[in-house]
Amino acid sequence: MKALLELLSVGLVLLSGLLFVAGRKQNRFIAGCWLLLGVALVLFLAGVTFTTHAKVMTMDLKLRAVTGLLSFFVLIATMEAVRRTQMRERYALLWLGTGLVILVFAIYPTVTIAWLQKVTGMQYVTAIVVVIFGFLLLVAFHFSVEFSHLHRKLGALTRHCALLERRIEELEREVPSLGKTGTDKFQALETPNPPPSRSA
Amino acid sequence: MEIVLARDDDKRYANQLHMMEWIKESLLLIPAFNEEAALGPLLDEVTTLYPDLNVAVINDCSDDFTAPLARAHGAQVLNLPCNLGVGGSMQAGFEYACVHGYRYAIRCDGDGQHPPAEIPKLAAALQANSADVVIGSRFLGQNAYTSTRWRNLGIAGLAALLSYACRQRITDPTSGFQMINRPALHFFSKTYPADYPEPESLALLTRQGYRVCETSVDFRARQGGHSSIGKRAALFYAMKVTLALLVDRARAVDPRFNRQNIREPLAP
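Residues numbered from 1 in each chain as written. Chains lettered and ligands numbered in written order. Predicted model: local features only at pLDDT ≥ 70, side-chain atom pairs only at ≥ 80, totals over all residues.

Student: Can you walk me through the pairing of strand S2 (residues 54-59) of chain B in this structure?
Tutor: Each regular strand shows side chains that alternate between the opposite faces of the sheet. Residue and element names in this part refer to chain B. With 6 of 6 residues buried, S2 lies mostly within the body of the structure. Both faces of S2 are covered, namely the face carrying Asn54, Ala56 and Ile58 and the face carrying Val55, Val57 and Asn59. Considered for its hand, the β-α-β crossover made up of strand S1 (residues 26-32), helix H1 (residues 36-49) and S2 is right-handed. Here S2 pairs with strand S3 (residues 76-79) via 4 bridges, running parallel. By the bridge assignment for S3, Ala56 is matched with Gln76. (Buried ≥ 20, exposed ≤ 12 C-beta atoms within 10 Å, placed from the backbone. Helix = DSSP H or I, 4+ residues; strand = E, 2+ residues; numbered from the N terminus. Right-handed = clockwise from strand over helix to strand, strands pointing away. Pairing = 2+ DSSP bridges.)

Student: Got a minute to help me understand unusual backbone geometry in this structure?
Tutor: Glycine aside, residues mostly have negative phi, and peptide bonds are mostly found in the trans state. Backbone geometry places Asn34 of chain B, a non-glycine residue, at a positive phi of 55°. Along the chain, the position of Asn34 of chain B falls in the loop between S1 and H1.

Student: Would you mind showing me how to read the sheet that holds strand S7 (residues 212-216) of chain B here?
Tutor: Strand pairing in a sheet is mediated by backbone hydrogen bonds. Such pairs are either parallel or antiparallel. Residue and element names in this part refer to chain B. The strand order across the open sheet built from 7 strands is S3-S2-S1-S4-S6-S5-S7, with neighbouring strands paired in mixed fashion. Bordering the open sheet on either side are S3 and S7, each of which pairs with just one other strand. If you compare each strand with its neighbour and ignore which way they point, the axes differ by 20° on average. For strand S5 (residues 133-137) and strand S6 (residues 178-181), the ladder comprises 3 bridges, and the chain directions are antiparallel. Looking across to S6, one finds that Ile135 is bridged to Gln178. (Axes fitted to C-alpha atoms, helices over the stretch in contact; angles between N-to-C directions.)

Student: Just checking my understanding: could you explain the confidence of the model for chain A for this structure?
Tutor: For any part of a model where pLDDT is low, the fine detail of the predicted coordinates should not be relied upon. Taken residue by residue, chain A gives an average pLDDT of 77. The fraction at 70 or more is 79%. Ranking the elements of chain A by mean pLDDT puts helix H7 (residues 182-190) of chain A last with 56 and helix H6 (residues 124-174) of chain A first with 88. (pLDDT = per-residue confidence, 0-100.)

Student: Looking at this model, I keep getting lost on the nonpolar core. Mind explaining?
Tutor: The nonpolar side chains of a soluble globular protein tend to be buried, and buried together. If you look at the biggest cluster of nonpolar residues, it comprises 73 residues, and the most contacted ones within it are Leu29 and Ala105 of chain B. Excluding residues within four positions of it along the chain, Leu29 of chain B makes contact with Ala56, Ile58, Met90, Gly93, Ala97, Ala105, Ile106 and Arg107 of chain B. (Core = buried A, V, L, I, M, F, W, Y, C linked by C-beta atoms within 7 Å. Contact = placed C-beta atoms within 7 Å.)

Student: Just checking my understanding: could you explain helix H5 (residues 149-166) of chain B for this structure?
Tutor: Note that an α-helix has 3.6 residues per turn; residues three or four places apart therefore point the same way. All names here are of chain B. The end-to-end C-alpha distance of H5 is 25 Å, a good match for the 26 Å that 18 residues give at a rise of 1.5 Å each. Residues of H5 that are buried: Ile155, Leu158, Leu162 and Ala165. All buried residues of H5 lie within an arc of 80° about the axis, which places them on one face of the element. For H5, exposure combined with an orientation more than 90 degrees from the buried face picks out Arg149 and Leu153. Turning to H5, the residues buried within the fold contact helix H7 (197-207) and helix H8 (231-249). A positive backbone phi angle near 60° is found at Arg167, which sits one or two residues after H5. (Expected span 1.5 Å × (residues − 1). Arc of directions from axis to C-beta.)

Student: Help me understand the environment of Asn27 of chain A, please; the structure alone is not making it clear to me.
Tutor: Note on placement: Asn27 of chain A falls in the loop between helix H1 (2-22) and helix H2 (28-51). In the structure, Asn27 of chain A is positioned 14 residues away from Val13 of chain A in sequence and 15 Å away in space, judged by C-alpha atoms.

Student: So what exactly am I meant to see when it comes to helix H4 (residues 119-128) of chain B here?
Tutor: All names here are of chain B. Turning to H4, its buried residues are Ile119, Leu122, Ala123 and Leu126. Along the axis of H4, the buried positions cluster into a sector of 95°, meaning they face one direction only. Those residues of H4 hidden inside the fold are in contact with strand S4 (104-107), S5, S6 and S7. Following H4 by one or two positions, Ser130 has its phi on the positive side, about 40°.

Student: Quick question: what am I supposed to make of the environment of Trp95 of chain A here?
Tutor: Residue and element names in this part refer to chain A. Looking at the secondary structure, you find Trp95 in helix H4 (residues 89-107). On a C-alpha basis, the gap between Trp95 and Leu136 in space is 8.6 Å, while along the polypeptide they are 41 residues apart. Non-local contacts of Trp95, meaning those with residues more than four positions away in its chain, are made with Val74, Thr78 and Val139.

Student: Got a minute to help me understand the confidence of the model for chain B in this structure?
Tutor: Residues and elements named next belong to chain B. Mean pLDDT over chain B works out to 83, with 87% of the residues at or above the 70 mark. The low-confidence segment residues 1-18 (pLDDT under 50) makes 18 contacts with residues lying over four places distant or belonging to another chain. The complex model carries a pTM of 0.74, and its ipTM stands at 0.79.

Student: Can you help me understand the packing of H7 of chain B against H8 of chain B in this one?
Tutor: In a pair of packed helices, the angle between the axes and the distance between the axes together describe the arrangement. All names here are of chain B. Interhelical geometry of H7 versus H8 gives an angle of 15° and a closest axis separation of 9 Å. The angle between H7 and H8 places the two elements in the roughly parallel class. For H7 against H8, the interelement crossing comes out right-handed. Packed against H7, whose contacting residues are Pro199, Glu200, Ala203, Leu204 and Arg207, the element H8 presents Val241, Ala244, Leu245 and Asp248 at the interface. Partitioned by chemical class, the residues of the contact of H7 with H8 number 6 nonpolar, no polar and 3 charged. (Parallel < 35°, antiparallel > 145°, perpendicular 65-115°, else oblique. Left-handed = near helix turned anticlockwise from the far one by under 90°. Nonpolar A, V, L, I, M, F, W, Y, C, P; charged D, E, K, R; others polar.)

Here it is in structure tokens:
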């Protein structure tokens, strides 16, 4: 298991390093991220070999590896989405915060866990889950607020559009030279025999 | 264009002959979503009753031929490019009426439930009580309107809550048959609740110092189309409106739209 992980991480470092050096310029950022991840993994695994004499990884270390990977995934995905302009910066901030907090939990487990246990009395796993859940809750709340804003703006735009369309219709009636264009044209298409309209 | 508020000139309505003068200065707003079936007869009825009344149909992105039908029956049509619900359509109508300088706006549903013949009753009540908003109520007076038991219960509960929020008795909180004057029109064109707007809008009005009153109106049966509120939606309606009524009390009053601050004539 550990040998496989070591192989994977070294391979990752080499591949992403190659991509970083030789790849196209716009891929440099994402390659750099993967390189960083590979280096971190290598260092982590090296740290494991130096600190524990046993050949198997303890559950604590596995957990740290998983959370570290998770945070890396969140951070890289967010940065990449921002880079591709799929996500605006203001939404990215919360996601980056989530990733960073999980990363801190993975790197300094003893400090953070001691603090969390003192405050809440939770175990490591529970604490991680609660932190992730809390941030997801924040993100969802943020979305609800933004949806409501967007809904209001959409309503205002829609109403304005409707009023403008009506205004165009009125102006077309005012200017006879325009003849059958715009809304009148649509009207002519929609109704075979429109009676003369009143007071419009 | 100078606009004098209704409560400021008493002589205006003294003469019966001039009773219908307000009709030229009002706009009848009909929000319509897939109302093909009932809208035509309704518009014809309005035209025969009040030839001078301007009618605007707000087509809330219907799938059927509501818009051309309304145009063919002589109404002005506001086409919303995407579906906003009753609240959004009504606000579009209020904005339109406000921009065009109408003194009164009458709101009437497109399904034919609200009889256009009762509109003068609303106007008379508006004048008699010097109110800003008049609601046509199904439950006031002799005409005992009955619906299903649960719906009646919901309406009664809502009426109690709204009466408390408005500090006055409101018998029909869900009625969409209303007549409003220019200050309220101005307020509504800026602020109007999004979905299921009727109860909340009344609470907002009274909170801003507008005068609301009711008058009894005989509603007809739905002439066609389907109700926008089904069984499940009715529960959502009740919860949404209750929440809105409670939260609105906790909001600050906007002094710009306070009734006392809209004394001066409003420029269209």
